[in-house]
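Breakdown of the fold
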Amino acid sequence: MPDTQTIPEPRARVRSMKEYHPPLGCRDALRLDFNENTVACSPAVRNVLSRIAAGDLTRYPERAPVEAKVARHLGLVPEQIALTNGVDEAIHVLFEAFLEAGDELLLPVPTYTMYEVYASATDASVVAVQAGDDLQFPFERLLAAITPRTKIIAIANPNSPAGSVASREQILAIARRAPHAVILVDEAYFHFHGETVIDLIGIQPNLVVARTFSKAYGLAGLRVGVLAAPVDLMQWIRRVLSPYSVNSVALACLPAALDDDAYITSYATEVRAARTQFEATLDQANIRWWPSAANFVLVDIGPRHADFVRRMHAAGVLVRDRSNDPGCDGRVRITIGTREQMRHAASALHQAIAAIRAEGDKP
Ligand SMILES: Cc1ncc(COP(=O)(O)O)c(C=O)c1O
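Here the structure is a predicted model, which is why all the values come from computation and not from measurement.

**Description of the overall build of the protein chain**
Each helix and strand counted, the protein chain has 13 helices and 12 strands in total. For 363 residues, the compact-globule estimate of 2.2 N^0.38 gives 21 Å, and the protein chain sits close to it at 21 Å. In terms of its C-alpha atoms, the protein chain occupies a principal-axis envelope of roughly 60 × 60 × 50 Å. The buried share of the protein chain, taken over its 363 residues, is 45%.

What follows is the structure, encoded as structure tokens:
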């Protein structure tokens, strides 16, 4: 036995990573901080949940029948889709399957945090393409940043934190300019936007699309996502995907969630109406905001952003400070819920802004 105690070392890239802790904490308030459904999932899903027995949990989850149903729902064949433990796992397995030393992950920024987190665990490097002050999709700059080393281009569409969008033509132009790279289009907020490129799966050979059940469906706690990819790419992705990463409760609920299209349509319609109503509130309060195609709006609070978030919390409304995102100093993201919830958020916002202005500060 050696006399000094040594412990095993992780890979160099892991040593330089930091743990990522989303700011969850105590969230007993109106949750406008994580872009979740602010009401509930479909009653049909609740019905399934109430019938799940303890004995059902003794079995390993069988994903294939549910994958077949999801594929049909999306107009694809089962070989073109994989259910994942949220879109987060889809991103993780895609990066594990494709990124190696010398490769570049191309990202328009600001964008969803987990792309960078999972990329940092690989030996690839991240090439960030900054959006301008309007936070629109930086199409021309992204095209110009494509190199022979570009291996994945991750496009959240709509993007977070601003809710900006890339058009179908722009996505196709990028996919054609980088045939050697995988183009991931993350459609986590699809139901609020209504536009998709999922119909191009298998037609554009380097295009993959991710969808989630965490947002409009109201099932963030179940952790289910879908990755859609051409069969030629999916065969590699499946090699790194855990066979049981989607649990049996999630699998039991998905068919009911998918069948209740009316619920999703009515929730997305309500959120869009609430978003329009809330934009008017922001205009009245003379606060700059960025046009969003998703269930959130980014607002410019300025130097007192942390104080604003604290005051909103004290009034019972959680919102998310995005000041640390590239190009987002002073900006806060507010999830859009129902019109009634947003009236409550609007009155909290008016009070917080009035208090900050009374102290002579922007906004
Ligand atoms: C663009 C985007 N993709 C993916 C996710 C995470 O999805 P999931 O809960 O399915 O892992 C989020 C969550 O905020 C997101 O904003």
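Anyway, onward from the coordinates.
**Some thoughts on the site of the ligand**
Around the ligand, the surrounding shell holds 13 residues, and the nearest of these are G86, V87, D88, T212 and S214. Among the elements that make up the shell around the ligand, the one with the highest residue count is helix α4 (residues 86-98) (3 residues).

**Some words on the pairing of strand β2 (residues 81-84)**
Of the two faces of β2, the one lined by I81 and L83 and the one lined by A82 and T84 are each fully buried. The pairing of β2 with strand β8 (residues 225-228) spans 4 bridges and is classified as antiparallel. Looking at the pairing, I81 lines up with A228 of β8.

**Some remarks on the domain arrangement of the protein chain**
The domains assigned to the protein chain are domain 1 (12-38 + 262-358) and domain 2 (44-260). A separation of 24 Å is found between the C-alpha centroids of domain 1 and domain 2. Among the elements that take part in the side of domain 1 that touches domain 2, helix α11 (residues 261-284) stands out by supplying 7 residues, more than any other. Looking at the side of domain 1 that touches domain 2 residue by residue, the class counts come to 17 nonpolar, 5 polar and 6 charged.

**Points about the sheet that holds strand β4 (residues 125-130)**
On the basis of which strands lie adjacent, the open sheet formed by 7 strands has the order β2-β8-β7-β6-β5-β3-β4 and mixed pairing. The sheet terminates laterally at β2 and β4, the two strands that pair on one side only. Strand-to-strand twist in this sheet, taken as the mean axis angle between neighbours without regard to direction, amounts to 20 degrees. Against the sheet, α4 engages β2, β5 (150-156), β6 (182-186), β7 (207-212) and β8, with an angle of about 35 degrees to β8. Where helix α5 (residues 113-120) meets the sheet, it contacts β3 (104-109), β4 and β5, and its direction lies at approximately 160 degrees from that of β3.

**Section: the nonpolar core**
Grouped together as the largest cluster of nonpolar side chains are 109 residues, with contacts concentrated most on L94, I152, I183, L184, V208, L227 and A228. Looking at which domains feed residues into this core, each of domain 1 (12-38 + 262-358) and domain 2 (44-260) gives three or more. Once you skip the residues sitting within four places of it in the chain, L184 turns out to touch L94, I152, A154, I155, V208 and A210.

**Examining the packing of helix α2 (residues 43-51) against helix α10 (residues 248-259)**
For the pair α2 and α10, interaxial distance at closest approach is 8 Å and the crossing angle is 160 degrees. Taken as axis vectors, α2 and α10 run roughly antiparallel relative to one another. In this structure, α2 crosses over α10, and the sense of that crossing is right-handed. Here A44, V45, N47, V48 and L49 of α2 lie close against α10, whose contacting residues are A252, C253, A256, A257 and D259.

**What about the packing of α4 against α5?**
Axis separation between α4 and α5 bottoms out at 9 Å; the angle between their running directions is 35 degrees. Between α4 and α5 lies a crossing of right-handed hand. Contacts from D88, I91, H92 and F95 of α4 reach α5 at M114, Y115, Y118 and A119. Residue composition of the contact of α4 with α5, grouped by class: 6 nonpolar, 1 polar and 1 charged.

**Details of α10**
Considered for burial, the residues of α10 that qualify are A250, L251, C253, L254, A257 and L258. On its buried face, α10 sits against α2 and α3 (64-74).

**Quick look at the sheet that holds strand β11 (residues 320-321)**
Paired through backbone hydrogen bonds, the strands of a sheet run either parallel or antiparallel to each other. Strand order in the open sheet formed by 3 strands is β9-β12-β11, and the pairing between neighbours is antiparallel. Because the sheet does not close on itself, it has two edges, and the strands there are β9 (296-300) and β11. The strands touched by helix α12 (residues 305-314) within the sheet are β11 and β12 (331-335), with β12 carrying the most contacts at an inclination of about 25 degrees.

Cut-offs and rules
- Residues numbered from 1 in each chain as written.
- Predicted model: local features only at pLDDT ≥ 70, side-chain atom pairs only at ≥ 80, totals over all residues.
- Helix = DSSP H or I, 4+ residues; strand = E, 2+ residues; numbered from the N terminus.
- Rg over C-alpha atoms; globule rule 2.2 N^0.38 Å.
- Buried ≥ 20, exposed ≤ 12 C-beta atoms within 10 Å, placed from the backbone.
- Near = placed C-beta within 6 Å.
- Pairing = 2+ DSSP bridges.
- Domains from an automatic or database assignment.
- Nonpolar A, V, L, I, M, F, W, Y, C, P; charged D, E, K, R; others polar.
- Axes fitted to C-alpha atoms, helices over the stretch in contact; angles between N-to-C directions.
- Contact = placed C-beta atoms within 7 Å.
- Core = buried A, V, L, I, M, F, W, Y, C linked by C-beta atoms within 7 Å.
- Parallel < 35°, antiparallel > 145°, perpendicular 65-115°, else oblique.
- Left-handed = near helix turned anticlockwise from the far one by under 90°.

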